Amino acid sequence: MPTPLSFTARIDNSRSVMLNERPLPWREGLSAAALLAENGQPEDRVATALNGEFLPRDARACTLLQPGDELTVFRAIVGG
């Protein structure tokens, strides 16, 4: 009897980017701003780092991601 096929989704790491240590599919022309928007991150309420370097808010739209890039999102903690 043939073995059933597994349809488990896997992401090719050579064609992915990381968002807070989570691999996501990469595509040509993907900007940091688009990745944030597609993943429900409020662009005006977070700070970002790309590959460990601070990425200013006004640079996110024109910063195109490459396979293997790591985008880290930080939320401000307010209170006392």
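Look up a bit, the structure's there.
The structure reproduced in this document is the subject of the present report.

The rules we used
Residues numbered from 1 in each chain as written. Predicted model: local features only at pLDDT ≥ 70, side-chain atom pairs only at ≥ 80, totals over all residues. Heavy atoms only, no water. Helix = DSSP H or I, 4+ residues; strand = E, 2+ residues; numbered from the N terminus. Buried < 20%, exposed > 50% of the residue type's maximum accessible area, 1.4 Å probe, protein only. Contact = heavy atoms within 4.5 Å. Areas by Shrake-Rupley, 256 points an atom, 1.4 Å probe, with all protein chains shown as cover. Core = buried A, V, L, I, M, F, W, Y, C linked by side-chain atoms within 4.5 Å. Pairing = 2+ DSSP bridges. Axes fitted to C-alpha atoms, helices over the stretch in contact; angles between N-to-C directions. Salt bridge = Lys/Arg side-chain N within 4 Å of Asp/Glu carboxyl O.

**Overview of the overall build of the chain**
In step 1: Scanning the chain from N- to C-terminus turns up one helix and five strands.
In step 2: Start at the N end of the chain and walk to the C end: the helices and strands fall as β-β-α-β-β-β.
In step 3: Across the 80 residues of the chain, 31% fall into the buried class.
In step 4: Across the chain, contacts joining residues at least 24 apart in sequence account for 52% of those joining residues at least 6 apart.
In step 5: Here the chain has roughly 5,900 Å² of accessible surface; of this, 55% comes from carbon and sulfur atoms.

**A look at the nonpolar core**
A general feature of soluble globular proteins is that nonpolar side chains tend to end up buried together.
In step 1: Counting residues in each nonpolar core, the largest one holds 15 residues, and the members touching the most others are Val17, Leu19, Leu30, Leu35, Leu55, Leu65 and Leu71.
In step 2: Residue assignment for this core shows that the elements contributing at least two residues are strand E1 (16-19), helix H1 (32-38), strand E3 (46-50) and strand E5 (70-75).
In step 3: Looking at this core element by element, the count peaks at three residues for H1.
In step 4: Residues in contact with Leu35, not counting those within four places in the same chain, are Val17, Leu19, Leu24, Leu30, Leu65 and Leu71.

**With respect to the pairing of E5**
In step 1: Taken together, the two bridges between E1 and E5 define a ladder with parallel strand orientation. Looking at the pairing, Met18 lines up with Glu70 of E5.
In step 2: Relative to E5, E3 runs antiparallel, the two sharing five bridges. Note on E5: the bridge partner recorded for Thr48 is Val73.

**So, the sheet that holds E5**
In step 1: Read across the sheet, five strands follow the order E2-E1-E5-E3-E4 without closing on themselves; strand pairing throughout is mixed. Two strands lie at the open edges of the sheet, namely strand E2 (22-25) and strand E4 (53-55), each paired on one side alone. Pairwise comparison of adjacent strand axes, ignoring direction, gives a mean angle of 35° for this sheet.

**Describing the pattern of salt bridges**
In step 1: Counted according to the given criterion, the structure contains one salt bridge.
In step 2: When the shortest N-O distance is used, the salt bridge between Arg27 and Glu38 registers 2.4 Å. You can see Arg27 sitting in the loop between E2 and H1 and its partner Glu38 sitting in helix H1, a full 11 residues away along the chain.

Remember, this is a structural readout, not a statement about activity or role.
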